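# Examination of the molecular architecture
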Amino acid sequence: MRSLHILKHASRRQCHAAAAQGAGPVAARWLSSATATAPRVSAASLPIGGATFFLSNRIFDRSRCLDFVVFTGNARATSTTSAARPSSAATSQQGPDAQSIEQLPPHRRRQLRKQQQQDAQNGGEEAPLPPDASSLLTTQAAAQPAQSFRRTFSTFLSLSKPRLTVLVVLTAMVPYALYPVPEMLTPSMTETTSLSPLTLLFLTTGTALCSASANALNMLYEPDTDSKMTRTRNRPLVRQLIQKRSAALFAILAGVVGAGGLYFGVNPTVSFLGVANIVLYAGIYTPLKRVTAFNTWVGALVGGIPPLMGWAAAAGEAATKDGSWQELLLASDGSSIGGWLLASFLFAWQFPHFMALSWPIREEYKAAGLRMLAWTNSARNSRVALRYSLVFIPICVSLCAAGVTEWSFAVTTLPVNLWLAREAVRFWKHDGHKGSARSLFWASVWHLPAVLMLAMLQKKDMWSRAWRRLFGDAADEAGLWEEEELEEMAGMTADRVKEATKALDLPRR
């Protein structure tokens, strides 16, 4: 194993230091006879810890810096020719024991343990990914009494795939908050406050219910395939914790209430997008999983719709015309570009995330009859993940150019985007092996919230507006004075008109 190379490297450095200090002849004679004269001792008994480790290369003392290398080499040779020395064979295959590791300096200990973890990943199977929330909730529900409220609540919550639903809601909320509201748009000029908390409440609730409906319909369609995979075999319909009729009623009710809330509480465009997401996910993506690997692209479209929902909800609050879907999503002034950029960001993010997620369980997908690139074309699977991981940098720059964020956003997101691209390159280079799939999966998990958070913190003109609101300037004070004067003049004019009308007492016609 490569874990031995760290100890060998430390031994070589000690010998080189001894030779540099003038112990050349002694070291040469010792090296020439070390193999023949050295006794056979175990690695655990070598004095490589404490003061002996640092003082063993003095000129007047015999250096034992290569004892471990020599004896390990002898043990390896003996283990290949004879089975009479099991301890030597164990040492050659497993490396130093726990006692010798603890005697190493701290930095060597960390390096050795890191190398052992890498060796375990390279030589063994991929570590399993964490179970999904639906499986965990199903386990909790099964442990509760049959007719208890906690059992029922956990079962229905597991049908909604809560982690995925929370992600969908967050990707709708961020574009809603990032929408560039015109500075002149004030509550007095519209019927309701722009970007009101009430609209946000309807948006989040309706989006969550639409997502829950789509996920429940997905589970209703494929309980047989879920039962063949370790990550999904613990879902409620597989374990029969709920009847299919009840699950179908839950899905229909959640979809109707969610779409209705979006229609009456936000606008019809957002409601249509919510219904379209249910149809795409449950009616097209889920059946396509058995037919073609192209299903991943359809699923990525589903992931790109929630940002458009959030953007359209905010655009509806600032709409100055009829508020149609053309004005909200295809504005002639180009104000809807930001929503499409955010949608493209979420669309592209699905690929490195899902390609890395599906690779460790590719054989389970194959056994279940679900056609995924991870097993149908593993090389293309890694190429697709790499290809889409490279588009995040230009998307972030485009968000700055579109006026959604400050230009500093392109700089602050560069390290995060480069990190994801680096892991995607490793995933492509090793074709998912050597822990590259797991590394890319976790990189994608942290990449999305990091970029969205940075976008929120660097929204266009957010800090300048906050500064002006807190401290103001001379121009703002002058403008405020002029507005107050105009309002006062308008009020005086209206009063004079009323007084003149009463004085004249004109007859009505």
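In the block above lies the structure referred to throughout.
## Thoughts on the overall build of the chain
Scanning the chain from terminus to terminus reveals 26 helices and zero strands. Buried positions account for 44% of the 509 residues belonging to the chain. Nonlocal contacts in the chain, meaning residues at least 24 apart in sequence, comprise 76% of its contacts between residues at least 6 apart.

## Side note on the pattern of salt bridges
Scanning all chains against the criterion turns up six salt bridges. Note that K289 is salt-bridged to E222, the shortest N-O span being 3.1 Å. One end of the pair, K289, is in the loop between helix 14 (268-288) and helix 15 (295-317); the other, E222, is in the loop between helix 11 (197-221) and helix 12 (223-226), with 67 residues separating them in the sequence. The pair formed by K289 and E222 is uniform in burial state, with each residue classed as buried. E406 is the salt-bridge partner of K460, the closest N and O atoms lying 3.9 Å from each other. Here K460 is found in the loop between helix 24 (436-457) and helix 25 (462-470), whereas its partner E406 is found in the loop between helix 21 (392-401) and helix 22 (408-412), with 54 residues between them in sequence. Salt bridges sharing common partners tie together R422, E423 and R426.

## Some words on the environment of N377
Its location among the elements puts N377 in the loop between helix 19 (373-376) and helix 20 (378-389). On the accessibility criterion, N377 (32% relative accessible area) is partly exposed.

## So, the environment of L342
Of note, L342 is situated in helix 17 (residues 337-358). Considered as a pair, L342 and I395 are 53 residues apart in the sequence and their alpha carbons are 8.2 Å apart. The contact partners of L342, leaving out residues within four places of it in the chain, are P175, L178, P307, W311 and L399.

## Concerning the packing of aromatic side chains
Using the criterion set out here, one finds 14 aromatic pairs in the structure. Taking 5.0 Å as the distance between ring centres and 75° as the angle between the ring planes, the aromatic pair formed by Y263 and F264 counts as edge-to-face. On the basis of relative accessible area, Y263 is assigned to the partly exposed category, the value being 43%. When the ring of F347 is compared with that of F351, the centres are 5.4 Å apart and the planes differ by 70°; the resulting orientation is edge-to-face. Taken together, the positions of F347 and F351, both in helix 17 and four residues apart, correspond to about one turn of that helix.

## Some thoughts on the side chain of T199
You can see T199 is positioned in helix 11. Setting aside anything within four residues of it in sequence, one finds T199 in contact with Y176, G265, V266 and E317.

## Looking at the nonpolar core
If you look at the biggest cluster of nonpolar residues, it comprises 76 residues, and the most contacted ones within it are V270, F345 and M355. Aside from chain neighbours lying at most four places away, what touches V270 is L203, L262, M309, A312 and A313. Of all hydrophobic cores here, the second largest spans seven residues; its members include M219, L237, A247 and A251.

## What to know about the state of the cysteines
Across all of its chains, the model carries zero disulfides by this definition. Looking at C400, it has no disulfide partner, and the nearest cysteine sulfur is the one in C396, 7.3 Å off. For C400, a relative accessible area of 3% translates into the label buried.

## Considerations on helix 23 (residues 414-430)
Here helix 23 is 17 residues long and its end C-alpha atoms lie 24 Å apart, about the 24 Å a rise of 1.5 Å per residue gives. Of the residues one or two after helix 23, D431 is the one with positive phi, at around 55°.

## Some remarks on unusual backbone geometry
Generally, phi is negative for residues other than glycine and the peptide bonds are trans, each holding for most cases. Residue Q240 is not a glycine yet carries a positive backbone phi of 60°. Tracing the backbone through its elements, the reader meets Q240 in the loop between helix 12 and helix 13 (244-265). The class of Q240 is exposed, set by a relative accessible area of 68%. Located in the positive-phi region is D461, a residue other than glycine, with phi close to 65°. If you trace the backbone, D461 turns up in the loop between helix 24 and helix 25. Residue class for D461 comes out partly exposed when judged on its relative accessible area of 32%.

## Quick notes on helix 10 (residues 162-178)
Given 3.6 residues per helical turn, the α-helix brings residues three or four places apart onto the same face. Along its 17 residues, helix 10 runs 24 Å from first to last C-alpha, staying within 8% of the 24 Å computed at 1.5 Å per residue. The complete set of buried residues in helix 10 reads P162, T165, V168, V169, T171, A172, V174, P175, Y176 and L178. Along its buried surface, helix 10 packs onto helix 8 (133-142), helix 9 (149-159), helix 11, helix 15, helix 17 and helix 24.

What counts and what doesn't
- Sequence order sets the numbering: in each chain, residues are counted from 1 along the sequence as written.
- In keeping with the predicted nature of the model, local features appear solely for residues at pLDDT of at least 70, side-chain atom pairs appear and are counted solely at 80 or more, and the whole-chain, interface and lining totals rest on all residues.
- Hydrogen atoms and water are omitted, and side-chain values are computed over all heavy atoms in the structure.
- Helix numbering and strand numbering both begin at the N terminus, where a helix is a DSSP run of H or I of at least 4 residues and a strand a DSSP run of E of at least 2.
- Whether a residue is buried, partly exposed or exposed follows from its accessible area with a 1.4 Å probe, protein chains only, as a fraction of its type maximum: under 20%, in between, or over 50%, in that order.
- In this description, contact between two residues means that some pair of their heavy atoms is separated by no more than 4.5 Å.
- One speaks of a salt bridge when a side-chain nitrogen belonging to Lys or Arg is within 4 Å of a carboxyl oxygen belonging to Asp or Glu.
- By convention, a stacked pair of Phe, Tyr or Trp rings (six-membered ring in the case of Trp) has centres within 6.5 Å and planes under 30 degrees apart, an edge-to-face pair has planes over 60 apart, and any other such pair is tilted.
- Side-chain atoms within 4.5 Å link the members of a nonpolar core, which is a set of buried Ala, Val, Leu, Ile, Met, Phe, Trp, Tyr and Cys residues.
- By definition, disulfides here are pairs of cysteine sulfur atoms that lie within 2.5 Å.
- Given a helix with a known number of residues, its expected span is that number minus one, times 1.5 Å.

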